[in-house]
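Fold and contact review
Spelled out, the chains give:
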Amino acid sequence: MSIEAIAALSSAAATDPLASAVVRPENNAFSGILDQLSGLNAQMQKSEADVQALALGKTDNLHQVMIGMEQTRLQFDLLLQVRNKVLDAYQEMMRMQV
């Protein structure tokens, strides 16, 4: 195998748009997850503050409070399901025999 052939393959892969579509892990994937967690935490605190404002009579908009609470609940349930799937995958990998 010659060096020119290897160079030709790498240059062909660089010009091929499908070759550039290969999934590459991002360097900031974990920080993105942490950002989503902090966003969920902020949304949960906002929902709690909205419920307290409703209980104290500072707002009359029950519908918006309920919609916000339901959005927060759905986002939390999604996060919980993703966590469960990741844990199941990890446990399955740990059960594999090498």
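To keep things clear, this report deals only with the structure shown in the data block. (Residues numbered from 1 in each chain as written. Predicted model: local features only at pLDDT ≥ 70, side-chain atom pairs only at ≥ 80, totals over all residues. Heavy atoms only, no water.)

Concerning the overall build of the chain
A tally of regular secondary structure across the chain gives three helices and zero strands. Listed N to C, the secondary structure of the chain is α-α-α in terms of helices and strands. For the chain, the residues scored as buried account for 5% of the 98 residues in total. Accessible surface for the chain amounts to roughly 8700 Å². Of this, 63% is attributable to carbon and sulfur atoms. (Helix = DSSP H or I, 4+ residues; strand = E, 2+ residues; numbered from the N terminus. Buried < 20%, exposed > 50% of the residue type's maximum accessible area, 1.4 Å probe, protein only. Areas by Shrake-Rupley, 256 points an atom, 1.4 Å probe, with all protein chains shown as cover.)

Overview of the environment of Glu70
Relative to the assigned elements, Glu70 resides in helix H3 (residues 62–95). The spatial distance from the C-alpha of Glu70 to the C-alpha of Ser47 is 9.2 Å, given a sequence separation of 23 residues.

A look at a nonpolar patch on the surface
The grouping of Phe30, Ile33, Leu34, Leu37, Met44, Phe76, Leu79 and Leu80 at the surface amounts to a nonpolar patch, some 680 Å² of accessible area in total. Contributing elements (two or more residues each) for the nonpolar patch: helix H2 (29–55) and H3. In terms of residue count, the dominant contributor to the nonpolar patch is H2 (five residues). Along the polypeptide, Leu79 turns up in helix H3. (Patch = residues over 30% accessible without salt bridge, like charges linked within 9 Å, V, L, I, M, F, W, Y side chains within 5 Å. Salt bridge = Lys/Arg side-chain N within 4 Å of Asp/Glu carboxyl O.)

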